[in-house]
Structure formats: structure tokens, C-alpha cells
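# Chain and residue survey
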Amino acid sequence: MLVELGKRLFVVGSFLRKVSAMPPRRQRPRDSPALVAFGRQMRRAREAKGVKQETIAQLTTMSGAQISRIENGKRRATRSFVEIVDDHLDAGGSLINLWEDLNKDGHPVPIWFDWPQIEADAAILVCYEHSVIPGLAQTPAYALSILRGNKESADARLQRQAVISRDDEKAPPVLLLLIDEQVLTRLVGTPETMREQLERLIAISSLPNVTVQVVLGSGEHDGNMGAFVVATMEDRSEVAYIETAVRGTTTDNSAELSILARTLIDLRSRALTQEMSCELIRKVIREKWT
């Protein structure tokens, strides 16, 4: 079938094997009860004083959207933020005490963000993968192989790719794909699947909002610890998705985001330019997958 990326069309092969039925994965909760509890109490205290969200935003140098996310239990508040709000609302330390009770173990666990929604709302997405092609760039055959024939999950992954080339009122995000060199030569599915997948990488790199860079595989770097995506929102806030052997986790913790920022600096210093990356991908196609 034909898949459209911007104004460019390319052919995607049909699935290579029959999809076997698999039980649906258990859905994990999207809200943290601790975050919701704090957000509700903060809203009650704010409304009781007749204070607007915009006022809290100005006091804390945050956006109104960020304040709304905290009150809706979608974003974790820092202690410094809570201290400012508690003082302005004359809460007598009640918000600080609640925050401390809910953060006894360091932070409310589990902290779930609705990652597909974050991904769709992001202004910038920076993705690093050390073992497979990133989901936003996978072909149907590659996705189906990675997900062991689970068509429902594969279809959901492919639907998320629409964010790359959307042409509605919201501009598509700037997307940077950093891919470890070894991903290009690791067999997923069949050689035909790999050839089609690498051709897809070259195709999407032609989009004005997409950059594909290959990270050279020699040497040691912090990226060997795992794959991740950092989403930067319109208000410049950040949320990261980090893959683990058990499940993917999401975080907006500043210390963790700082670690990822340092890792990205290291990775980009080891990456080829987009032009050189595409040349390497073409070489791998010719020499290994043709």
C-alpha cells in the first residue's frame, strides 16, 4: 500500500506473515493518586482565596498550562514551587505537609503520563534507540515483527506516526532520531523487512521537520544504558519516556532530565551528519540487505 509522508509517497510492503492472536496487554493506570490528591487540594486552597491560575504562574515563573497540569494530577510539583504557593495562599504549611506526606519515598509512585498524548502535543521530540528502529519510523512489517505478531499493538504504533506529517492547525513536531549504528545491521523479520525499513528511514529524513542521525557504534557512552525520548512542549517544559526491560516509564524529574540532556550531548558528538547518515544507511542496504 502507499503511505504518504508530506508530499512524498513511497511503497510499504504487505505484512509478511499471518498475525497470531495474542491476549491484550494489561492497561496501566494513567494517573497517580498522589498527584491527583495534591492537585485537588491545591486547587481548593487557591479557589478559596480567589486566586487565579495565572497569578500562581507568574509567582512561580511557570505557564498557566503547567499550573493546570499540576492541579489535574498530570505533573509533579517541586518543593520550592509548593513553598511559594503555600505562602501566597496563606495555607499555613498545609500544602507543604501534604506534599511531604505524598513524597515520603522520593516521589509519588507510580507516575504515569499519557505518553501518546504528550507525543502528539510536543513541539520537539528527541529520540535515541540503541537496539531497534524508533517506533515513529517503523514500517508495518518491522513493527509487526518487533511486537511478535500483535497486530493491535502494531496498528496503534503506526497510527501514532501521523504526528510526523500532520497538516492540521498544529504544526508537526521537530523530530530528531538518533539511531545506534548496530540497529542498521540487526535482523528484524526478514532481509526484505530490513531493506524496506532502512529505505523508510531515508524517506522520512527528507521531511523538513525530521532529522535522522546514526550514532557510531565504537566506544562506550551513557546511551548504552537504554533508549529514551525527550519531549519538549510549547511552554518549554519537558517530559521523558525511558524504556526498561520491564516497561516504559515517564518522568519530568529535573535531575533525571539533566542526566538525559548530558547523554544527548555525548550521543550527538558521536553522530554522523544527516547526509553522512543516509549514505551509511544506503551502504548497509546494498551490502547487507540486498
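Reference entry: report on the structure contained in this document. Within any chain, residue numbers begin from 1 and follow the written order of that chain's sequence. Per-residue local features of the predicted model are confined to residues with pLDDT of at least 70, and side-chain atom pairs are confined, for both listing and counting, to 80 or more; whole-chain, interface and lining totals are unaffected and use all residues. Side-chain calculation: all heavy atoms of the structure are included, whereas hydrogens and water are not.

On the secondary structure map, Glu 256 appears in helix α11 (residues 254-269). Counting along the chain gives 16 residues from Glu 256 to Ala 240, while the straight-line C-alpha distance between them is 8.7 Å. The numbering of helices and of strands both runs from the N terminus, where a helix is a DSSP run of H or I of at least 4 residues and a strand a run of E of at least 2.

This paragraph deals with the packing of helix α2 (residues 53-60) against helix α4 (residues 79-88). Axis definition: a line fitted to C-alpha atoms, limited for helices to the stretch in contact. Angles are taken between N-to-C directions and run from 0 to 180 degrees. At their nearest, the axes of α2 and α4 sit 10 Å apart, and the two run at 125° to each other. Here α2 lies oblique to α4, going by the angle between them. Two packed elements cross with a definite hand, and for α2 against α4 that hand is right-handed. Between α2, through Thr 55, Ile 56, Leu 59 and Thr 60, and α4, the contact on the second element is made entirely by Phe 81, Ile 84, Val 85 and His 88. Among the residues forming the contact of α2 with α4, the class breakdown is 5 nonpolar, 3 polar and no charged. By definition in this entry, angles of less than 35 degrees are roughly parallel, angles greater than 145 are roughly antiparallel, angles of 65 to 115 are roughly perpendicular, and the rest are oblique. Throughout, a crossing is termed right-handed when the near helix is turned clockwise from the far one, and left-handed when it is turned anticlockwise from it by less than a right angle. Note on definitions: a residue-residue contact is assigned when non-hydrogen atoms from the two residues lie within 4.5 Å. All residues other than Ala, Val, Leu, Ile, Met, Phe, Trp, Tyr, Cys, Pro, Asp, Glu, Lys and Arg, Gly among them, are scored as polar; the first ten of these are nonpolar and the last four charged.

Here the focus is the pairing of strand β5 (residues 210-215). Walk down a regular strand and you will see the side chains alternate between the two sheet faces. Most of β5 is tucked away: 5 of the 6 residues are buried. At least two bridges found by DSSP between two strands are what make those strands a pair. As paired strands, strand β4 (residues 174-180) and β5 are joined by 6 bridges and run parallel to one another. For Ile 179, the partnering residue across the bridge sits in β5 and is Val 214. Remark: exposure states derive from per-residue accessible area (1.4 Å probe, protein chains only) relative to the maximum for the residue type, with buried under 20%, exposed over 50%, and partly exposed in between.

All we've got here are geometric facts, nothing functional implied.
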